[in-house]
Amino acid sequence: MTTDHPAERSGAGSDRFAAFADRASNVTSSPPFYVLCVLLVLGTIALHLVHPPLSWLIFAGDVMTSVNLMLLALLKNTERRDTHAVQRKLDAIAAALLEQREGTSSEAADELRRAIRMEGKG
């Protein structure tokens, strides 16, 4: 386990997880996934109305809690990577504006070009 920011990690493992998190974010923000969630909630309500054994109710609650925890982790990962990308772009814009105002080198303009293309690398 690492405590580095997700956007600053290197290695193939983090790239695979980032790609998985992006795909999962696309799926979980879709209307069919919302319908699935509504069906899960309705199924849980129906399960309570049937009065099954307590172990079934506990299992249903555990499943709902587990799904919720996994979705929360994926959401947080995507949020942090997006926030980092926006911050890098803002930093690059500020540096480019400062260089333009001072008439210095074009390093910040190059960094700005790299930051703008950063979205495709997520």
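Coordinates for the structure precede this section.
In this text the structure is predicted, and so the values were computed from the model without any measurement.

Draft legend 1. Representation of the layout of surface pockets in the model. The space that makes up the second largest pocket amounts to roughly 150 Å³. Lining of the second largest pocket is provided by Ala24, Ser25, Thr28, Ser29, Phe33, Cys37, Leu71, Leu74 and Leu75. Sorting the residues of the lining of the second largest pocket by element identifies helix 1 (12-28), helix 2 (31-50) and helix 3 (54-102) as the ones contributing at least two each. Grouping the amino acids of the lining of the second largest pocket by side-chain chemistry returns 6 nonpolar, 3 polar and no charged.

Draft legend 2. Molecular detail of unusual backbone geometry. Of note, His51 is a non-glycine position whose phi angle comes to about 60 degrees, a positive value. Along the chain, His51 falls in the loop between helix 2 and helix 3. Given the relative accessible area of 68%, His51 is considered exposed.

Draft legend 3. Quick look at the nonpolar core. The biggest cluster of nonpolar side chains holds 5 residues, and these are Ala92, Ala96, Ala108, Leu112 and Ala115. At the level of elements, helix 3 and helix 4 (107-116) are the ones that each hand at least two residues to this core. The dominant element in this core, judged by the number of residues it contributes, is helix 4, at 3 residues. What Ala115 contacts, discounting residues up to four positions off in sequence, is Arg88, Lys89 and Ala92.

Rules behind the numbers
- Residues numbered from 1 in each chain as written.
- Predicted model: local features only at pLDDT ≥ 70, side-chain atom pairs only at ≥ 80, totals over all residues.
- Heavy atoms only, no water.
- 1 Å grid on protein atoms, 1.4 Å probe; cavity = no way out; pocket = protein on both sides within 12 Å on 5 of 7 lines; lining within 4 Å.
- Points joined across faces, edges and corners; volume = space filled by probe spheres on them.
- Helix = DSSP H or I, 4+ residues; strand = E, 2+ residues; numbered from the N terminus.
- Nonpolar A, V, L, I, M, F, W, Y, C, P; charged D, E, K, R; others polar.
- Buried < 20%, exposed > 50% of the residue type's maximum accessible area, 1.4 Å probe, protein only.
- Core = buried A, V, L, I, M, F, W, Y, C linked by side-chain atoms within 4.5 Å.
- Contact = heavy atoms within 4.5 Å.

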